[in-house]
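Observations on the three-dimensional arrangement
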Amino acid sequence: MTDSPSQHRHIVPGPSPQYERSSGESPADERRSSVDAKKRVSMACLACKKSKRKCSGERPCDNCRAFGRECIFDETLDQRRRVAAKRTADELNYHRDLLNDMLRVMRAEDETYAWRLLEIIRRDGSAEEMRAYIDHALGILEGTGASDEPRLESTRYTIGLDGSGQSFRPQVMDIHYLCGQVPFRVPAQPWTTVTTDGDLVSHLVSLYFTWDYPFYVFLDRDVFLKAMASKDTTSQFCSPFLVNALLANACHFSTYAEAYVTPGDIITKGNDFLAEAERLRDMEPGTVSLSCLQGTLMLYERYSLSGKNDLGYKMLHRAIHVGEKLGLIGNHPTTVMPGTFTPEDLDASLRRTAWGLFHIDSLVHAEFQRPTLIDLVNLDRPDKHSPDSVQYWWPYPTDQERRLSYSNEYFDESCNLCEIAGDISKWLFGRTNPSEQEQNEFKDSMYERLRGWCSDLPIHFSTEWRPPPYILIMRMRYHTLIVNLFLYHAEDEILGTNAEGMETPESPSGISYLSKYNKRDVTQSAARAIAALARQHREDYGMNRAHHFAVYAINLALFVLLEQRGTFDILDNDFLTLASAFSCVASQSHSGRNLFHLFRQNVRLKCQGSRLRESLVVDDEIKKLFDEQCTSWTLFDEYADGLEKLEQDERYRVSGDHRFTDMLDQYESLSLGKDEIARGRCSAPI
């Protein structure tokens, strides 16, 4: 059979031998150019990975440019890139420096420093505590001669009161200038009647999602912002009540005059948005919706800051009730809510809210030694491996560089910690009179479980990687759980109030389970680890916008250091670091000021002011705060009118005999009020 010419494709003839290259390239050069043109891209952007498209490799890539998407490359996923090599080198340098500094302390002529370091290592002290002690020891060992002044200045910065006051920018133009680079731009209308200024609302929403939201995640940020931008007031994912409650919270993190009702009066921050949120809530009592639940949790946060007794717990209980009605928690299937939504948005919002509610319930009740109220979450957690979770966090409104947020990965690890806290809460605080043996066995098992959680954290959650602040706060929470675990019903044994003379010849021996861990060393190590985390938070981000959980964590750590009978040293560097950080973060809220006032009174009752006066390192403002003989004006004298009411209440009167349960009672009532649903906390035995 003869093939027709149309069945064969034409072949283009090659170049003749006489072909002259205009560029002067050799055949080898041409082959290299051909190979370069077909060079494989080393990594794809996140959007191309998700859609399984071929990525061009440049930023922005061809696909993202065509579809109008944000093009993000996560360089940490590509181990061939130089950034991976640099990251490995930085980690090796850190550990090399740590080892060298450790050897310098061990070789010191004064062996007490080496023994102290060995003691920390033997009791499995955290990396934060070891690094903090090594820095402290080297500061003393090498802080002599002409090189003294730089080290003293550095120490003064660490434990000084810089940044604790308010800065005011009264011109509205400042807000408009700042919002030229605002992370999230949203409209003011039709969501609030307090202001029509979209720049102000965008500024506050950006502050909320930068500093508050990452720790308390009970709504899906992207779904909420999309619904808010749509201006659809019938959306299940956004409502005027939710927006105003969010703005009231966000004002806590703003230093601009627009955030105040009365400029300069911190108690009035966000009060106009709060009043609007309360009005909208009261217009529809008994509403059961996703945005209602989220707005109620916003009010719980707001009331815990403002010192409105009893309203904090009331909002938390109401939110749990709404969550049960929606079927997010408890023994009910999830309710499908009416409204316009996509299945993906609904699924993301329900999951975030269900687990966010569980997070707050376990945090509040475990930290105040009460049984949790939520036993079951009916939805799976958000996927921590979703490509959408690889986003960047920027410490708005500062000009610091962006860093990877690890938001979904963080949320998953936080939920793991919440599950441990919930188990501690239900078993230890929900049972009636467990035996000493049962308590010790349970505490040891939970402590080992907590340590396992900490050791399994991703490497990029370690402090050497300078993670975002909410990861530092999560690590603080880990240490507060350890303190609460070991101080529960063991306060006298640990703090030394009745340690002397407790054993008698008649005391039975060998019949009770003895803990494998030295409880005093464990709680001391946890307190000093919180000090190291507070120090890093202050160095990297300051304390003015620290999440308000830091108030609780720092207050708890200070109590552990302060109430060690016979061993408290007011010049302890960790104590001074915590006290300084406490003064900064506590001054930002009404309840924080009250708590700092009580702490200040307890320190003054220790009568160590003479040691402060002799110190060359301690900041003058710190000396004024804690010297019992000082009558000079201090920052907190500015709040004297409000603190006078605190002095008139017998519950908060400082007598010098400050017990752990007393401190928790005071903190709880000053922030959340009285919990009429949960069983009361059992006091430690006398």
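Residues numbered from 1 in each chain as written. Predicted model: local features only at pLDDT ≥ 70, side-chain atom pairs only at ≥ 80, totals over all residues. Heavy atoms only, no water.

1. Overview of the overall build of the chain
As a reminder, the rule being used: Runs of H or I in DSSP of at least four residues are treated as helices and runs of E of at least two as strands, each being numbered from the N terminus. Throughout this description, buried means an accessible area under 20% of the type-specific maximum (1.4 Å probe, protein chains only), exposed means over 50%, and partly exposed covers the range between. Residue contacts are defined here by distance: any two heavy atoms, one from each residue, within 4.5 Å place the two residues in contact. The protein chains shown are the only cover counted for residues, whose accessible areas, like all others here, come from Shrake-Rupley with a 1.4 Å probe.
When helices and strands are counted, the chain shows 27 helices and two strands. Classification of the 686 residues of the chain by burial places 53% in the buried group. In the chain, once contacts between residues fewer than 6 apart in sequence are set aside, the share between residues at least 24 apart is 73%. Carbon and sulfur atoms provide 51% of the accessible area of the chain, an area that totals close to 32,400 Å².

2. Structural notes on helix α23 (residues 590-604)
Worth spelling out the cut-off: Expected helix span is taken as 1.5 Å per residue step, with the number of steps being one fewer than the number of residues. In the analysis that follows, any N or O atom pair within 3.5 Å is treated as a polar contact, provided that within protein one partner can donate a hydrogen and the other can accept it, and provided that, for residues neighboring in sequence, both atoms belong to side chains.
Here α23 spans 22 Å end to end across 15 residues, near enough to the 21 Å set by a 1.5 Å rise per residue. Counting buried positions along α23 yields 13 of 15 residues, so the element is predominantly enclosed. The N-capping residue of α23, defined by a side-chain oxygen 3.1 Å from the backbone nitrogen of G592, is S589.

3. Remarks on the state of the cysteines
Stated precisely, the cut-off is as follows: Throughout, a disulfide means two cysteine sulfur atoms within 2.5 Å of one another.
Under the counting rule described, the total for this entry stands at zero disulfides. Free cysteine: C415, not disulfide-bonded; nearest cysteine sulfur from C418 at 5.7 Å. The buried category is assigned to C415, whose relative accessible area is 0%.

4. Let's talk about the packing of helix α9 (residues 198-212) against helix α10 (residues 221-230)
The line we're drawing: Orientation is described by axes fitted as lines to C-alpha atoms, over the contacting stretch for helices, and by angles from 0 to 180 degrees between their N-to-C directions. Between 65 and 115 degrees an angle is taken as roughly perpendicular, under 35 as roughly parallel, over 145 as roughly antiparallel, and anywhere else as oblique.
Where α9 meets α10, the closest approach of the two axes is 12 Å, and the angle between their N-to-C directions is 170°. In terms of their interaxial angle, α9 and α10 are classed as roughly antiparallel. Along the contact surface, α9 presents V201, V205 and F209, while α10 presents R221, F224, L225 and M228.

5. Considerations on unusual backbone geometry
What you tend to see is this: most non-glycine residues have negative phi, and most peptide bonds are trans. Going from Q189 to P190, the amide bond is cis rather than trans, its omega being 10°. Checked against the element boundaries, P190 lands in the loop between α8 (172-178) and α9. A cis amide bond links Y396 with the next residue in sequence, P397, at an omega value of 5°. Here P397 lies in the loop between β1 (392-393) and β2 (403-404).

6. Comments concerning the packing of aromatic side chains
Cut-off, in case you're wondering: Note on aromatic contacts: the rings of Phe and Tyr and the six-membered ring of Trp form a pair at centre separations within 6.5 Å, being stacked when their planes are under 30 degrees apart, edge-to-face when over 60 apart, and tilted otherwise.
Throughout the structure, instances matching the rule amount to 32 aromatic pairs. An angle of 75° between the planes, with centres 5.1 Å apart, marks the rings of Y208 and F209 as edge-to-face. There is no split in this pair, since Y208 and F209 are both buried. Considering the side-chain rings of W427 and F442, the 4.2 Å spacing of their centres and the 15° angle between planes classify their relative orientation as stacked. Remark: F442 occurs in helix α17 (residues 436-455) and W427 occurs in helix α16 (residues 407-429); sequence separation between them is 15 residues. Clustering of aromatic rings is evident, with ring pairs tying together F215, Y216, Y300, F368, F549, Y552 and Y667.

7. Description of the environment of F599
In this fold, F599 is placed in helix α23. Here the alpha-carbon distance between F599 and N555, two residues 44 residues apart in the chain, equals 8.0 Å. Among residues more than four places away in sequence, those in contact with F599 are L558, L562, F575, A579, F582 and F626.

8. Comments concerning the side chain of D540
Tracing the backbone through its elements, the reader meets D540 in helix α20 (residues 519-541). Among the polar contacts listed, one links the side chain of D540 to the side chain of R466, at a separation of 2.9 Å. Aside from chain neighbours lying at most four places away, what touches D540 is Q400 and R466.

9. Some points on the nonpolar core
Threshold: Working definition of a nonpolar core: buried Ala, Val, Leu, Ile, Met, Phe, Trp, Tyr and Cys residues. They are joined through side-chain atoms within 4.5 Å.
Grouped together as the largest cluster of nonpolar side chains are 160 residues, with contacts concentrated most on F209, F224, I554, F575, F582, F599 and F626. Core analysis: the second largest hydrophobic core is formed by 11 residues, M102, Y133, I134 and A137 among them.

10. Focus: the pattern of salt bridges
Condition: Take a side-chain nitrogen of Lys or Arg and a carboxyl oxygen of Asp or Glu: if they are within 4 Å of each other, that pair is a salt bridge.
Taken as a whole and judged by the stated rule, the model has 26 salt bridges. Notably, a salt bridge pairs R104 with D101, separated by 2.8 Å at the nearest N-O pair. Residue R104 and its partner D101 are located together in helix α4 (residues 82-106), separated by three residues, close to a single helical turn. Look at R104 and you get partly exposed, because its relative accessible area is 37%. Judged by relative accessible area, which is 13%, D101 ranks as buried. In this structure, the salt-bridge partner of R466 is D540, at a minimum N-O distance of 2.9 Å. Of this pair, R466 sits in the loop between α17 and α18 (469-487) while D540 is found in helix α20, placing the two residues 74 residues apart along the sequence. Since its relative accessible area comes to 34%, R466 is described here as partly exposed. Judged by its relative accessible area of 15%, D540 falls in the buried class.

11. Considerations on the confidence of the model for the chain
To keep things clear, this is the line we draw: Known as pLDDT, the predictor's confidence for each residue is given on a scale from 0 to 100.
Across the chain, the average pLDDT comes to 79, with 74% of residues at or above 70. Counting interchain partners and residues more than four positions distant, the pLDDT-below-50 stretch residues 16-25 has five contacts.

12. Notes on the environment of H321
If you trace the backbone, H321 turns up in helix α14 (residues 311-326). Owing to a relative accessible area of 42%, H321 belongs among the partly exposed residues under this scheme. Sequence spacing of H321 and L293 is 28 residues, and the spatial spacing of their C-alpha atoms is 8.9 Å.

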